[in-house]
Amino acid sequence: MTVDHILLAIPPLAVYLIVGLVVGVESLGIPLPGEIVLVSAALLASHHEVAVDPVGVGAAAIVGAVIGDSIGYLIGRRYGLPLFDRLGRRFPKHFGPRHVALAERFFGRWGMWAVFFGRFVALLRIFAGPLAGALRMHYPRFLVANVGGAIAWAGGTTAAVYYLGIVAEKWLSRFSWAGLGVAVVVGLAVALVVRRRTHRMLDEVELPDQAAPVSAGDDPTGAPGTAGSTAPTSAP
């Protein structure tokens, strides 16, 4: 069985479920290659030999993004910021202090727009839901930004890749390894650019200095110059 037959035999429903699941789990706060899956599915839909509908791909990604972010919001609201401390100890590459500090800086500056535009940045796409809940953002505002960002990111990405795939198909004699290869290359290129941009932003984050150790002449309760000294006693 050739690769063409294998790809043509993929049930469209399976593609929609995979896209929705991967994007949803990533939006929940678990790092997964949501962009690569979405780009690959959209490019697959651009080949008319395959029964995958680009509208179905985009809709699955939007639904997965909205539901995943909403669940992440509820988790963040339930456990608060200490949740990120625990995650940072277990997954320092994804939830380290710099990651949390950068995400908090975005939220502090942009508010609900950080949720909207966070869809286009891998770091914020993972943090948006849980951090919005932990920071007690009002859910109606969060939901508006969540749905709007999901439509702009998932719908826009699907449409752009779909029409690019149609244009590219004119230069391909038939559907073969070339289509799958283009999907992988495009997805990896997008992921690499986003990753490098995120690393640059993380390098610019300045963490607060650790608290200075208490000196022998300071009182830990905040009254300087009392620790280690003896109070004068009155003469009998």
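What counts, and at which threshold
Residues numbered from 1 in each chain as written. Predicted model: local features only at pLDDT ≥ 70, side-chain atom pairs only at ≥ 80, totals over all residues. Heavy atoms only, no water. Core = buried A, V, L, I, M, F, W, Y, C linked by side-chain atoms within 4.5 Å. Buried < 20%, exposed > 50% of the residue type's maximum accessible area, 1.4 Å probe, protein only. Helix = DSSP H or I, 4+ residues; strand = E, 2+ residues; numbered from the N terminus. Contact = heavy atoms within 4.5 Å. Salt bridge = Lys/Arg side-chain N within 4 Å of Asp/Glu carboxyl O. Phe/Tyr/Trp six-rings, centres within 6.5 Å; stacked < 30°, edge-to-face > 60°. Arc of directions from axis to C-beta. Polar contact = N/O pair within 3.5 Å; in protein donor to acceptor, adjacent residues only side chain to side chain. Axes fitted to C-alpha atoms, helices over the stretch in contact; angles between N-to-C directions. Parallel < 35°, antiparallel > 145°, perpendicular 65-115°, else oblique. Left-handed = near helix turned anticlockwise from the far one by under 90°. Nonpolar A, V, L, I, M, F, W, Y, C, P; charged D, E, K, R; others polar. Patch = residues over 30% accessible without salt bridge, like charges linked within 9 Å, V, L, I, M, F, W, Y side chains within 5 Å. Areas by Shrake-Rupley, 256 points an atom, 1.4 Å probe, with all protein chains shown as cover.

1. Some points on the nonpolar core
Inference 1: Counting 21 residues, the largest nonpolar core has Val 15, Val 19, Val 23, Leu 38, Val 52, Val 57 and Ala 61 as its most contacted members.
Inference 2: Looking at this core, the elements with two or more residues in it are α2 (12–28), α3 (34–45), α4 (54–79) and α10 (139–169).
Inference 3: Residue contacts for Val 57: discarding those within four places in its chain leaves Tyr 16, Val 19, Leu 38, Ala 41, Ala 42, Val 52 and Thr 158.
Inference 4: Of all hydrophobic cores here, the second largest spans 18 residues; its members include Leu 124, Leu 131, Ala 132 and Phe 142.

2. Focus on unusual backbone geometry
Inference 1: The phi dihedral of Arg 136 is positive, around 60°, even though this residue is not glycine.
Inference 2: You can see Arg 136 is positioned in the loop between α9 (122–134) and α10.

3. What about the pattern of salt bridges?
Inference 1: Under the defined criterion, the tally for this structure stands at 3 salt bridges.
Inference 2: One salt bridge connects Glu 26 with Arg 125, and the closest N-O pair in it is separated by 3.2 Å. Taken as a pair, Glu 26 in helix α2 and Arg 125 in helix α9 lie far apart in primary sequence, 99 residues in all. Like Arg 125, Glu 26 is buried.
Inference 3: Overall, the relative accessible area of 2% leaves Arg 125 in the buried class.
Inference 4: Connected through salt bridges with shared partners, the residues Glu 26, Glu 35 and Arg 125 form a single ionic network.

4. Some details on the packing of aromatic side chains
Inference 1: Across all of its chains, the model carries 7 aromatic pairs by this definition.
Inference 2: Between Tyr 139 and Phe 142 the ring centres are 5.9 Å apart and the planes differ by 40°, which places this aromatic pair in the tilted class. Of this pair, Tyr 139 and Phe 142 are both found in helix α10, 3 residues apart, which corresponds to roughly one turn of the helix.
Inference 3: Clustering of aromatic rings is evident, with ring pairs tying together Tyr 73, Tyr 139 and Phe 142.

5. As for helix α5 (residues 82–90)
Inference 1: Along α5, the positions that sit buried rather than exposed are Leu 83, Phe 84 and Gly 88. Buried positions in α5, seen along its axis, are confined to an arc of 135° and lie on one side of it. Turned more than 90 degrees away from the buried face of α5, the exposed residues are Arg 89 and Arg 90.

6. Let's talk about the side chain of Arg 125
Inference 1: Polar contacts involving the side chain of Arg 125 include one to the side chain of Glu 26, which spans 3.2 Å.
Inference 2: Every residue in contact with Arg 125, bar those within four places of it in the chain, is listed here: Glu 26, Ser 27, Glu 35, Asp 69, Gly 118, Arg 119, Phe 120 and Trp 153.

7. Comments concerning the environment of Pro 130
Inference 1: With respect to the helices and strands, the residue Pro 130 is situated in helix α9.
Inference 2: Residue Pro 130 is classed as buried on the basis of its relative accessible area, which comes to 8%.
Inference 3: Separated by 46 residues in the primary sequence, Pro 130 and Phe 84 place their C-alpha atoms 9.0 Å from one another.
Inference 4: Not counting the four nearest positions on each side in its chain, Pro 130 is found in contact with Ser 27, Leu 28, Gly 72, Tyr 73, Gly 76 and Phe 84.

8. Description of the environment of Gly 129
Inference 1: Within the secondary structure layout, Gly 129 lies in helix α9.
Inference 2: In this structure the C-alpha to C-alpha distance between Gly 129 and Gly 76, which are 53 residues apart in sequence, comes to 7.3 Å.
Inference 3: Discounting chain neighbours no more than four positions away, the residues touching Gly 129 are Asp 69, Gly 72, Tyr 73 and Phe 142.

9. Brief notes about the packing of α2 against α4
Inference 1: Between α2 and α4, the least distance of the axes is 7 Å, while the angle of their chain directions is 30°. Classified by the angle between their axes, α2 and α4 sit roughly parallel to one another. With respect to the hand of their crossing, α2 and α4 are arranged in right-handed fashion. Contacts from Tyr 16, Val 19, Gly 20, Val 23, Gly 24, Ser 27 and Leu 28 in α2 reach Gly 56, Val 57, Ala 60, Ala 61, Gly 64, Ala 65, Gly 68, Asp 69, Ile 71, Gly 72 and Ile 75 in α4.
Inference 2: Across the contact of α2 with α4, the residue classes break down as 10 nonpolar, 7 polar and 1 charged.

10. With respect to a nonpolar patch on the surface
Inference 1: Taken together, Val 63, Ile 67, Ile 71, Ile 75 and Tyr 79 make up a surface patch of nonpolar side chains, about 430 Å² in accessible area.
Inference 2: In this structure, Tyr 79 sits in helix α4.
Inference 3: The exposure class of Tyr 79 is partly exposed, given its relative accessible area of 44%.

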